[in-house]
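# Close look at the chain arrangement
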Amino acid sequence: MQLSVIILNYNVRYFLEQCVLSVQEAISNLDAEIIVIDNNSDDDSCLMMKERFPDVKLIENKENFGFPKGNNIAVDEAKGKYVCILNPDTVVAEDTFTKILAFAERQINLGIIGCKLIDGTGNFLPESKRGIPTPWVAFTKFFGLYKIFPKSKLFNQYYAQHLDENETGEVEILVGAFMLMERDLYLNLKGFDEDCFMYADDIDLSYRALKMKKTNFYFHGTMVLHYKGESTVKDEKYMKRFQEAMTFFYQKHFKKSLFFSIFIKVGIVFFSFIKMFRGKPKVKPLPDIYFLYSLNTELSEKLTFILKNKVAIFDFKKEKMVNSSQISRGKRVEVILDNHYVSFKKCIKIIETLKDKSITFKILPKRANFVIGSNSRNDRGQIIKIE
């Protein structure tokens, strides 16, 4: 078998359904499998999987083992030459795996491959490619020096800014939302370190691959949608676990000294508070206008009734010169993309192309009875059920 896609789920039932639907489309021409491992969700994620995807392998944990152990359990049962660690709050394009596997097969001494990730508003996620967060690199991140001097090698290492987001190349650290590697490498690395519950596990795995003299890559040739806020709700529990995770990484890989320990402790606490503060959800006003990218007039009428606002059909295929300003015209707009009419790949591209503060996006996945999306990378997404 060529590929095993590993999806670790915890209480994101609707995002999981959309993710699996997109992965099924993306592996339709490959010798591949999907393994969903559930960390004891208390929503109906497992019931949904059994009813909607009876042919997908489902592993039900009886407790929340965390990100590393959950993925390790699944990879042990994987049959693919390659494994892809994939967040459930992602949407892949129909050619994502075809492209990235072709790239992988051309490499020598391959480590881990990541890809271009955008959030639900169409903005690039800079953590798609990163450098090793040494104390100095962490310092430049904590105090925003990477923003002030984005072209300076001395300051721009945290987000690997030597490499443009639309340029493929070697990087050091990838993000756990999408990591593709040979299963043998994963096993040789002994998988994710289970002493880390979450957050630093991807940094640690990437770093250990480098220490084995492997080459990690950022691959811009495919774009994946990652509703980041769905898996990263920044509250007090998040701050505590983030501190624990970064402390784990530094204690494991760097020499200890009094100065180092004090710097790291102060820095982690400071950075944690900043992330938690930035993550406070902001209540956004409802859209003034809804556009449906579809030819389904019945769906348009149904959504108009549900949303209590007119949902007008808009065909981007006929509006080839459309841009965000033409769409919004100064008003708050929500664009609903009908996956029955347009591919996941096209949905992702439209979201990136039209990204604008005044525009939000939702997708109606093929063969699903809900519309789903996210208006912020720092907050949970939105689901509209269609009966």
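Above this text sits the structure in question.
What you see is a predicted model; the values in this text were computed from it and never measured. (Residues numbered from 1 in each chain as written. Predicted model: local features only at pLDDT ≥ 70, side-chain atom pairs only at ≥ 80, totals over all residues. Heavy atoms only, no water.)

## Considering the overall build of the protein
Heads up, the rule is: Here a strand is any run of E in DSSP of at least two residues, a helix any run of H or I of at least four, and the numbering for each starts at the N terminus. Note on classification: 1.4 Å probe, protein chains only; a residue is buried when its accessible area is under 20% of the maximum for its type, exposed when over 50%, partly exposed between these limits. By definition in these notes, contact holds between two residues if any of their heavy atoms fall within 4.5 Å. Each accessible area value is a Shrake-Rupley result obtained with a 1.4 Å probe; residue values ignore everything except the protein chains displayed when judging cover.
Broken down by element type, the protein carries 14 helices and 15 strands. Among the 387 residues that make up the protein, the fraction classed as buried is 56%. In the protein, 75% of the contacts between residues at least 6 apart in sequence involve partners at least 24 apart. On the protein, roughly 17,900 Å² of surface is accessible, and the fraction owed to carbon and sulfur atoms is 54%.

## Regarding the pattern of salt bridges
Applicable threshold: When a carboxyl oxygen of Asp or Glu lies within 4 Å of a side-chain nitrogen of Lys or Arg, that pair is called a salt bridge.
Inspection of every chain in the model, using the stated rule, returns 19 salt bridges. With its nearest N and O atoms 3.0 Å apart, the salt bridge here joins E77 to K57. Of this pair, E77 sits in helix α3 (residues 66-77) while K57 sits in strand β3 (residues 57-60), placing them 20 residues apart in sequence. Using a relative accessible area of 35% as the deciding quantity, one classes K57 as partly exposed.

## Some thoughts on the packing of aromatic side chains
Selection rule: In this analysis, rings of Phe, Tyr and Trp, with Trp reduced to its six-membered ring, are considered paired at centre separations within 6.5 Å, and the interplanar angle assigns stacked below 30 degrees, edge-to-face beyond 60, and tilted for intermediate values. Any Lys NZ or Arg CZ found within 6 Å of a ring centre and within 35 degrees of that ring's normal is scored as a charge over the ring.
Using the criterion set out here, one finds twelve aromatic pairs in the structure. Each ring, one from Y186 and one from F192, has its centre 5.8 Å from the other, and the planes form 80°; the classification is edge-to-face. For Y186, a relative accessible area of 2% corresponds to the buried category. A relative accessible area of 1% means that F192 is categorised as buried. Taking NZ or CZ as reference, R52 lies 5.4 Å from the ring centre of F53, over its face.

## Here's the deal with the environment of D338
Put simply, the rule reads: Here a polar contact is taken to be a pair of N or O atoms separated by no more than 3.5 Å, where protein atoms must pair a possible hydrogen donor with a possible acceptor and residues adjacent in sequence count only if both atoms sit in side chains.
Examined against the element boundaries, D338 turns out to sit in strand β12 (residues 333-338). For D338, a relative accessible area of 3% corresponds to the buried category. A C-alpha to C-alpha distance of 4.9 Å links D338 and L364, two positions 26 residues apart in sequence. Apart from the residues lying within four places of it in its own chain, the contact partners of D338 are L292, Y293, S294, N296, L299 and L364. Among the polar contacts listed, one links the side chain of D338 to the side chain of S294, at a separation of 2.8 Å.

## Digging into the pairing of strand β2 (residues 32-38)
Rules: Note: two strands are recorded as paired if DSSP finds a minimum of 2 bridges between them. Seen with its strands pointing away from the viewer, a crossover is right-handed if its path from the first strand over the helix to the second goes clockwise.
When you tally the buried positions in β2, you get seven out of seven residues, the bulk of the element. Because side chains alternate across β2, one face comprises the buried residues A32, I34, V36 and D38, and the other comprises E33, I35 and I37, equally buried. With seven bridges connecting them, strand β1 (residues 3-9) and β2 associate as parallel partners. If you follow S4 over to β2, its bridge partner there is E33. Where the polypeptide runs from β1 across helix α1 (residues 13-26) and back to β2, its parallel neighbour, the crossover connection is right-handed. As judged from the four bridges shared by β2 and β3, these two strands associate in the parallel manner. Within β3, the position partnered with D38 by the bridge is E60. Tracing the backbone out of β2, into helix α2 (residues 45-52) and back to the parallel element β3 gives a crossover that is right-handed.

## So, α1
Using the following cut-off: By this rule the span expected of a helix is its residue count minus one, scaled by 1.5 Å.
If you check α1, its first and last C-alpha atoms are 20 Å apart, about what 14 residues at 1.5 Å a residue would give, namely 20 Å. Burial analysis of α1 places twelve of its 14 residues in the buried class, the great majority of the element. Within the span of α1, buried status applies to R13, Y14, F15, L16, E17, Q18, C19, V20, L21, S22, V23 and A26.

## Here's the deal with the environment of R377
On the secondary structure map, R377 appears in the loop between β14 (370-373) and β15 (382-385). R377 gets classed as partly exposed once you look at its relative accessible area, which sits at 25%. For the pair R377 and I118, spaced 259 residues apart in the sequence, the C-alpha separation amounts to 9.6 Å. Of note is the side chain of R377, whose polar atom sits 2.9 Å from the side chain of D119.

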